[in-house]
Amino acid sequence: MDSAGSMVSSSDGPDAPSVEGILAGKRILVTGVLTPKSIAYSIAEACQRHGAEVVLTSFGRAMSLTQRSAKRMSPAPDVLEMDATNVEQARAVAVAVRERWGGLDGVVHAIGFAPEDCLGGHFLEAPWESVATAMHVSAFSLKTLAAEFVPLMPPTGGALVALTFDATVAWPLYDWMGPTKAALEAVGRYLARDLGRRHVRVNTVSAGPLETMAAKSIPGFSTLKDAWVGQAPLGWNAADAGPVADTTVFLLSEMARGISGEVIHVDGGYHSQGAPLLDHRGEQEEQ
Ligand SMILES: NC(=O)c1ccc[n+]([C@@H]2O[C@H](COP(=O)([O-])OP(=O)(O)OC[C@H]3O[C@@H](n4cnc5c(N)ncnc54)[C@H](O)[C@@H]3O)[C@@H](O)[C@H]2O)c1
């Protein structure tokens, strides 16, 4: 039994182990695991903890890092190669998943990238070629995953979940990653429109700042992180992707069967406040 109270049990004896948990029997493909700090790593672990079988994807030189991270998980999932901008690779992964499992129930999109000249306060100078790369990798890729993997989902449906950073406002230095996230959220809504009739749900999780490799490439990330602590009513721990992982598990599960086209904030409540919090603790102490 795990801390969440949902886990593997083998009460039927060694020949017939039964798996319990809100993702019991689900087959989930998780993209974007690079290091154990990756948000996708916490998601993949949480999926396993809640009863799912998991495969990971990675690409190019990142493959060996992902394989090393996978070995820390139990059981260690296989890592298949898929550059999200390469349709042939996505198609080959779909074939491999069909051979392995016969189908698929969920896909996690945890992929983001922008060339250096798209970030850091040079919004007006960024060339289209760089912006196009950022859009292709970070937003269009959700359509690619949907097109290649939804056909593997059973007639009862499935779920896609993508990770975003609140694209309803502009952020300092985030620059063209902002429009790519706005595009990603919109792609999610259009996919929800077209895949609903197949009972496939498409949602995005809008995470607060988390200390990952991708975050290191965002200039001014630590300023953003500090601002979060001062404005999120629930507080925020940038070293803990657990809350984002748990919400993703929920969205992949039947518990979320009525939710699609949604952007769910897992940010300690930051987005709901118009300004930094007053220090209520201090005021109460004075009374
Ligand atoms: N870290 C944060 O503060 C934060 C906040 C909100 C949303 N997000 C989003 O979460 C997602 C995961 O990022 P992370 O913060 O865990 O960082 P990360 O660096 O651990 O993960 C980013 C992943 O994108 C993958 N990737 C990049 N280009 C790719 C391509 N062409 N094909 C396939 N994969 C590719 C990388 O291999 C890596 O695994 C991203 O979409 C990111 O924008 C991050």
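What counts as what
- Residues numbered from 1 in each chain as written.
- Predicted model: local features only at pLDDT ≥ 70, side-chain atom pairs only at ≥ 80, totals over all residues.
- Helix = DSSP H or I, 4+ residues; strand = E, 2+ residues; numbered from the N terminus.
- Buried ≥ 20, exposed ≤ 12 C-beta atoms within 10 Å, placed from the backbone.
- Pairing = 2+ DSSP bridges.
- Right-handed = clockwise from strand over helix to strand, strands pointing away.
- Expected span 1.5 Å × (residues − 1).
- Contact = placed C-beta atoms within 7 Å.
- Near = placed C-beta within 6 Å.
- Nonpolar A, V, L, I, M, F, W, Y, C, P; charged D, E, K, R; others polar.
- Axes fitted to C-alpha atoms, helices over the stretch in contact; angles between N-to-C directions.
- Parallel < 35°, antiparallel > 145°, perpendicular 65-115°, else oblique.
- Left-handed = near helix turned anticlockwise from the far one by under 90°.

Turning our attention to the environment of Leu 34. Within the secondary structure, Leu 34 sits in the loop between β3 (27-31) and α1 (39-49). The partly exposed category is assigned to Leu 34, around which 19 C-beta atoms lie within 10 Å. Separated by 240 residues in the primary sequence, Leu 34 and Gly 274 place their C-alpha atoms 34 Å from one another.

Here we take up the pairing of β3. Residues in a regular strand project their side chains so that they alternate between the two faces of the sheet. The buried fraction of β3 is high, at five of five residues. Alternating positions in β3 separate into two faces, Arg 27, Leu 29 and Thr 31 on one and Ile 28 and Val 30 on the other, with burial throughout. Pairing geometry for β3 and strand β4 (residues 53-58), over five bridges, is parallel. Looking at β4, one finds that Ile 28 is bridged to Val 54. Between the parallel elements β3 and β4, the chain passes through α1 in a crossover that is right-handed. Sheet topology note: the β3/strand β6 (residues 106-109) ladder contains three bridges and is parallel. When the sheet's bridge partners are listed, Ile 28 is paired in β6 with Gly 106.

Across its 22 residues, helix α4 (residues 128-149) extends 29 Å between first and last C-alpha, which sits within 8% of the 32 Å expected from 1.5 Å per residue. All of the buried residues along α4 are Ala 134, Ser 138, Ala 139, Ser 141, Leu 142, Leu 145, Ala 146, Glu 148 and Phe 149. Where α4 is buried, its residues contact β3, α3 (87-101), β6, β7 (158-164) and α5 (177-195).

Here we come to the site of the ligand. Residues in contact with the ligand amount to 29 residues; listed here are only the nearest, Ser 38, Gly 112, Thr 212, Met 213 and Ala 214. Taken together, the elements giving at least two residues each to the shell around the ligand come down to α1, β7 and α6 (213-216). Broken down by element, the shell around the ligand gets its largest block of residues, three residues, from α6. For the shell around the ligand, the residue count by class is 19 nonpolar, nine polar and one charged.

All right, on to the packing of α1 against helix α8 (residues 242-252) then. Working note: a packed helix pair is described by the angle between its axes plus the distance between those axes. Contact geometry of α1 with α8 gives a least axis separation of 8 Å together with a crossing angle of 50°. With respect to α8, the axis of α1 lies oblique. Once α1 is placed against α8, the crossing between them reads as right-handed. Seen from α1, the contacting residues are Ile 39, Ser 42, Ile 43, Ala 46 and Cys 47; seen from α8, they are Gly 242, Val 244, Ala 245, Asp 246, Thr 248, Val 249 and Leu 252. Tallied by class, the residues present in the contact of α1 with α8 amount to eight nonpolar, three polar and one charged.

In contact at an axis separation of 9 Å, α3 and α4 are set at 35° when each is read in the N-to-C sense. By crossing handedness, the relation of α3 to α4 is classed as right-handed. Residues Val 87, Ala 90, Arg 91 and Ala 94 of α3 lie in contact with α4, whose contacting residues are Thr 144, Leu 145, Glu 148 and Phe 149. Looking at the contact of α3 with α4 residue by residue, the class counts come to five nonpolar, one polar and two charged.

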